[in-house]
Amino acid sequence: MEPRGLAQPIDLEIMKNLRLHLVTWNVGTASPPPDVTSLLQLSSQGPSMDMYVIGLQEVNSKIINFLSDLAFDDPWSIFFMTVFSPLGYIKLSSVRMQGLLLLVFVKHAHIPFIRDIHTHYTRTGLYGYWGNKGGVTIRMSLYGHMICFMNCHLPAHIENAEQRLDDFEKILEMQQFEDENVPNILDHDILFWFGDLNFRIADYGIHFVRESISNSRYNLLWEKDQLNMAKKKEAFLQEFIEGPLQFKPTYKFDLHSDVYDTSGKKRKPAWTDRILWRVKNLSQHPSEDGDLSEGEQTISVTLNNYISHMSYGISDHKPVTGTFGLQIKPLFSTPLVTLNPEGEWNAAQDVLISYSTVSEFPSSTWDWIGLYQVAFRHVNDYVTYAWVKDDEISSSEDVTQVYISADEIPHAGGEFLLCYYSHNMQSIAGMSQPFQVKCSGVLDNAEGVVCAFPSMCSWMFVKTYELPYWIRPMAYLARSSQTGGRDPSAGRELSASTPNSASPPAFIMVLNK
């Protein structure tokens, strides 16, 4: 397995295949589980994923929870951001409609090549007035190819197969985008459709279904699966592709078990949780040698894995995942914005950022450059920022410089990166490589800057910066006498003395002789 640090920039001349891991899970209002390593294939020995797409249904949307989630990130979003940010992924986009939640996480290296990000939602519950059922979408341009992800929760119960199809058609018709080239969902180069689609197994009785499952003879049930049956009759479904259902039906289970429903209702097992995809007017499979021949294909999809995960029992549904290879021929190879820190950054000094843009870049006076910790979670997770126009200090035909005051730089230093945010595009247009910011020190009798316990400073920043300001530990540096040519970092000790009761809690660093 390759290292799970920050992804390095990809060479667009040799990049052939992006790895996508897609999750659909009806979580039944439950809280996140303690571990999702197997769900996300984080222990896989192969190459890491380039993108994760997570579609959840029945996220807790009771009025108190929902109002709280409108003001703050919901617990599931926070949970996945906590998992992914240390691995070099950021939350690219998300959309929530009551219990429906769709999240997209992407490796840092791909961010400057993802544009035109938009979200949409369609309610179908209570005749279109209630959002407990319906669909949410995120669409984007990935290396110039339009891709759309659609997470749906369709009506329940075996007798409502026609209603499910009607609702899906309505979602396809209602979701229009302000793009003359790609105005409709079906106009995208690739459309992924997934969720709790609620299709059931018709005709067969519960005993035959359970016996077939016990004997792993799933193929006996495929022809009576309502979605398979509908795909043979409905023209608008026939272009959608799904992998073989070689796993147990994912509904309905007793909680915290792999036993099918033992309640009085005894629901018949069904493959309610599905992942399908559609490629517009393009070959769905790569050539036999796996390469994309010049002028023949620009994008294709390969399903590598389609499974359920029986070990997760927080809901009466089991999660389903699909791992895909996206074979893409990039339509452009240069980021819209290239930016870098100027020189060596020290938290005690004002700093400079240089950036340049391609000629067609739609710049705005509202554009800004953010300074981020390397393991940042999303675009608003910046430490500080500079307006590209207001904080500009020089500009030429090729390069523009902006500054950030030393007062805005975290004194603890650490590893950071820069992102250029485009107001017109509503997305990150450029990202720097990671770089170090040296810890600030104190000026002691004009002898120079000394830093007490620099490794601790870095640790403190990483561990405390996200806390509210008034409870962040503060480092106090005591005076140092003449070092006599010795290493100024020698002879340090960490004291746990308590500050004045009127002050916030603090760690005290003392630099001895």
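Residues numbered from 1 in each chain as written. Predicted model: local features only at pLDDT ≥ 70, side-chain atom pairs only at ≥ 80, totals over all residues. Heavy atoms only, no water.

- An unreviewed UniProt entry lists the chain under the name Inositol polyphosphate-5-phosphatase K, with Chrysemys picta bellii given as the organism.
- Of the chain, the UniProt comment under Sequence similarities (unreviewed entry) reads exactly: "Belongs to the inositol 1,4,5-trisphosphate 5-phosphatase type II family." (UniProt positions renumbered as here; feature names shortened; annotations may be inferred.)

### Structural notes on helix H2 (residues 75-84)
- Within H2, seven of the 10 residues are buried, which leaves it mostly tucked inside the rest of the structure.
- For H2, the full list of buried residues reads Trp76, Ser77, Phe79, Phe80, Met81, Val83 and Phe84.
- Buried residues in H2 make contact with strand S1 (17-26), strand S2 (51-57), strand S3 (89-97) and strand S4 (100-107).
- Near the N-terminus of H2, the side chain that reaches the backbone nitrogen of Trp76, with its oxygen 3.0 Å away, is that of Asp74. (Buried < 20%, exposed > 50% of the residue type's maximum accessible area, 1.4 Å probe, protein only. Helix = DSSP H or I, 4+ residues; strand = E, 2+ residues; numbered from the N terminus. Contact = heavy atoms within 4.5 Å. Polar contact = N/O pair within 3.5 Å; in protein donor to acceptor, adjacent residues only side chain to side chain.)

### Observations concerning the pairing of S3
- The buried fraction of S3 is high, at seven of nine residues.
- Hairpin connection of S3 to S4: two residues between the antiparallel strands, including Gln98 at a positive phi of 50°. (Pairing = 2+ DSSP bridges.)

### Some points on the environment of Leu165
- When you line up the elements, Leu165 lands in helix H3 (residues 161-174).
- By relative accessible area, Leu165 is classed as buried at 6%.
- When the C-alpha positions of Leu165 and Glu234 are compared, they lie 8.9 Å apart, and in sequence the two are 69 residues distant.
- Ignoring sequence-local partners within four residues, the contact set of Leu165 consists of Phe199, Ala230, Glu234, Phe236 and Leu237.

### Some thoughts on the sheet that holds S1
- The six strands are arranged S3-S4-S2-S1-S11-S10 in an open sheet whose pairing can be described as mixed. With one partner strand each, in any of the chains shown, S3 and strand S10 (299-308) form the two edges of the open sheet. Mean inter-strand twist for the sheet, computed between neighbouring axes without regard to direction, equals 15°.
- Note that S1 and S2 share seven bridges and pair parallel. Across the sheet, Leu20 pairs through a bridge with Met51, a residue of S2.
- Set on the sheet, H2 makes contact with S1, S2, S3 and S4; between it and S4 the angle comes to about 15°. (Axes fitted to C-alpha atoms, helices over the stretch in contact; angles between N-to-C directions.)

### Describing the nonpolar core
- Core analysis: the biggest nonpolar cluster contains 55 residues, and Met51, Val53, Met140, Leu142, Phe149, Phe192 and Leu326 have the highest contact counts within it.
- Counting 26 residues, the second-largest nonpolar core is a separate cluster that includes Val27, Phe79, Leu101 and Ile314. (Core = buried A, V, L, I, M, F, W, Y, C linked by side-chain atoms within 4.5 Å.)

### A short note on the pairing of strand S9 (residues 273-279)
- Burial analysis of S9 places seven of its seven residues in the buried class, the great majority of the element.
- Of the two faces of S9, the one lined by Asp273, Ile275, Trp277 and Val279 and the one lined by Arg274, Leu276 and Arg278 are each fully buried.

### Structural notes on the environment of Ala30
- Relative to the helices and strands, Ala30 is located in the loop between S1 and S2.
- The class of Ala30 is buried, set by a relative accessible area of 19%.
- C-alpha of Ala30 to C-alpha of Ile314: the two residues are 284 residues apart in sequence and 6.2 Å apart in space.
- Every residue in contact with Ala30, bar those within four places of it in the chain, is listed here: Trp76 and Ile314.

### Things to note about unusual backbone geometry
- Across the junction of Tyr251 and Lys252, the peptide omega takes the value 0°, indicating a cis bond.
- Its place among the elements puts Lys252 in the loop between helix H6 (226-233) and S9.
- Non-glycine residue His256 carries a positive phi angle of around 55°.
- By relative accessible area, His256 is classed as exposed at 65%.
- Within the chain, Gln426 stands out as a residue other than glycine whose phi angle is a positive 55°.
- Along the polypeptide, Gln426 turns up in the loop between strand S19 (414-422) and strand S20 (427-431).

### Points about the pattern of salt bridges
- If you walk through the whole model with that rule in mind, you get seven salt bridges.
- For Arg274, the salt bridge identified is with Asp225, shortest N-O distance 2.9 Å. You can see Arg274 sitting in strand S9 and its partner Asp225 sitting in the loop between helix H5 (219-222) and H6, a full 49 residues away along the chain.
- Note on Arg274: relative accessible area 0%, which makes it buried.
- A relative accessible area of 0% means that Asp225 is categorised as buried.
- Measuring nitrogen to oxygen at the nearest pair gives 4.0 Å for the salt bridge that ties Lys252 to Asp316. Of this pair, Lys252 sits in the loop between H6 and S9 while Asp316 is found in the loop between S10 and strand S11 (320-328), placing the two residues 64 residues apart along the sequence. The exposure classification of Lys252 matches that of Asp316, with both residues buried.
- Ionic contacts of the salt-bridge type, sharing partners, join the residues Asp225, Glu242 and Arg274 into one network. (Salt bridge = Lys/Arg side-chain N within 4 Å of Asp/Glu carboxyl O.)

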